Amino acid sequence: MKKMKLLLLLIVFFLGHNLNVAQDLLQSGPLVGYSAMREVMLWVQTKSEAKVKFSYWNIESPKKIEFTDELLTEKKEGFTAKLICDKLEPGQKYKYALYINGKKQKLNYELNFQTQELWQWRKNAPDFSFITGSCAYINETEYDRPGTPYGANYEIFNHIQSKKADFMLWLGDNYYLREADWDSWSGIIKRITHTRSLRELQPIWGSMHHYATWDDHDFGPNDSDRGFWNKDKTYEAFKLFWPNPSFGFDGNKSVTTFFQWGDVDFFLLDDRTFKTPNFRKTGKRTLLGDAQIEWLIDNLVSSRAAFKIIALGGQFLNPNAGGENYSTYPEERQKILKLIEDEKIDGVIFLTGDVHRSEITKFNRENNYPLYDFTISPLTAGPSREYPNDWRLESTMVLDRNFAQVLVSGERKNRVITWNCYNWKGEKMWSYSINENELKIKK
């Protein structure tokens, strides 16, 4: 009898030990990536080599459980894994669970995702909402600049989670590579891991879809450009950590991508890979480059979306040249504006970050609809001072940590997009709505 009790105690001990080991292997995530009608990508990071997979089930049929493939996380890839849930149907909500080395993980926040709805030719486009913002600096004292910590108010992510939005669009500087990071693969992986593992971010990763572009601090050093010698490594790291639907166009190494949600098209541009160094004295000055601009215009012309959102790291419309806004590249900026006008493209809205303040810029065009640039920044990095912007809408400048929730709603041909800006305390700073008919070519 004593031997039997001892054996049972040993079994209980080893089972519990193995469960704890599996639980302790989770570094960050799981994170929900892009959503299509028939598949969704999930992402996770472990602390060391481990086998990972996901189970998932429709909330309407909880007993019908499917599994993704199982992958082994490896050091050379930052112990990250991307796995596809591919036994899905359009317009459905699902729950999922993470397994590490065969052990189901118990987490204290929701794990769910959704597929895109098949609404075309059948009914009105679905209403939806998304979160957007830029510049997420997470402190690490020994590698930060001396003095007052640059990052703060991480509780902003609790308020973001409370909005229960469908997805979040990250506008760049999603992490801040430091001097100790950008010159080595291990440094790059360490920095992204440190940011990705923030406790306040985990519930957001688990139950909201995520899309991202980058800016200078997740590409390389401050104000970095196409000449950055280690850009191939930061590019590979970006691909490992962000489950976007695609990366680049025409075979180039960039983070340019596209996705749809409902009847809105999103064009995520790369403002670093093709950027001319700030202090070049000769040659053509470019930020996006001719090839990326042609890709953008081709897809804008083909789009039938109510709203066409062009997202990039830095401000586009601000007419006051300064810092790295697009007015410091006047010829290329004017080229894009002229192409939008000449091609008679409806519904264009710019969405930008970088400048550590939020504001709405409105460009009133002659005999055409106005163009808007919604700048949303920063999430947790230090806010900036006021900066000139002759086209800024009154009372929309926010010099505090903040984010925006964007809601798209309404009947067909009468859709409305509403932008709500909140500070890190969750207090609404401003709200602005646009009807799709306000963004039509004037006949």
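Residues numbered from 1 in each chain as written. Predicted model: local features only at pLDDT ≥ 70, side-chain atom pairs only at ≥ 80, totals over all residues. Heavy atoms only, no water.

1. Brief notes about the overall build of the protein
Along the protein, the regular secondary structure elements total eight helices and 21 strands. In terms of overall size, the protein behaves like a compact globule, its C-alpha atoms giving a radius of gyration of 23 Å where 443 residues would be expected to give roughly 22 Å. Overall size of the protein, expressed as C-alpha extent along the three principal axes, is 90 × 55 × 45 Å. Expressed as a percentage of the 443 residues in the protein, the buried residues total 57%. In the protein, the share of contacts with a sequence separation of at least 24, taken over all contacts with a separation of at least 6, comes to 68%. Of the charged side chains in the protein, 59 are positive and 58 negative; the average position of the first set lies 6 Å away from that of the second. (Helix = DSSP H or I, 4+ residues; strand = E, 2+ residues; numbered from the N terminus. Rg over C-alpha atoms; globule rule 2.2 N^0.38 Å. Buried < 20%, exposed > 50% of the residue type's maximum accessible area, 1.4 Å probe, protein only. Contact = heavy atoms within 4.5 Å. Lys, Arg positive; Asp, Glu negative; His and termini not counted. Charge placed at Lys NZ, Arg CZ, Asp CG, Glu CD.)

2. As for the nonpolar core
Judged by nonpolar contacts, the single largest core of 61 residues is most densely connected at Leu169, Phe266 and Leu351. Ignoring any residue separated from it by four or fewer positions in sequence, one finds Leu169 in contact with Phe130, Ile131, Thr132, Gly133, Tyr211, Ala212, Phe266, Leu268, Ala311 and Leu351. Counting 38 residues, the second largest nonpolar core, distinct from the first, contains Ile156, Ile160, Ile204 and Trp424. (Core = buried A, V, L, I, M, F, W, Y, C linked by side-chain atoms within 4.5 Å.)

3. Brief notes about the environment of Ile349
When you line up the elements, Ile349 lands in strand S16 (residues 348-352). Residue classification places Ile349 among the buried positions, given a relative accessible area of 0%. When the C-alpha positions of Ile349 and Ala311 are compared, they lie 8.6 Å apart, and in sequence the two are 38 residues distant. Those residues in contact with Ile349 that sit more than four places away from it in its chain are Phe307, Lys308, Ile309, Ile310, Tyr372, Phe374, Ile417, Trp419, Ile434 and Leu439.

4. Details of the sheet that holds strand S18 (residues 371-375)
Spatial ordering of the open sheet is given by S13-S14-S15-S16-S18-S17, a layout of six strands whose pairing is mixed. Each edge of the open sheet is held by one strand with a lone partner, namely strand S13 (257-261) and strand S17 (359-363). The sheet shows a mean angle of 20° between the axes of neighbouring strands, taken without regard to direction. In this sheet, strand S15 (residues 307-312) lies alongside strand S14 (residues 264-268) in parallel orientation, the contact comprising five bridges. Among the inter-strand pairings, Asp265 is bridged to a residue of S15, identified as Lys308. Its contacts with the sheet put helix H7 (residues 290-302) on S13, S14 and S15, and the angle it makes with S14 is roughly 175°. (Pairing = 2+ DSSP bridges. Axes fitted to C-alpha atoms, helices over the stretch in contact; angles between N-to-C directions.)

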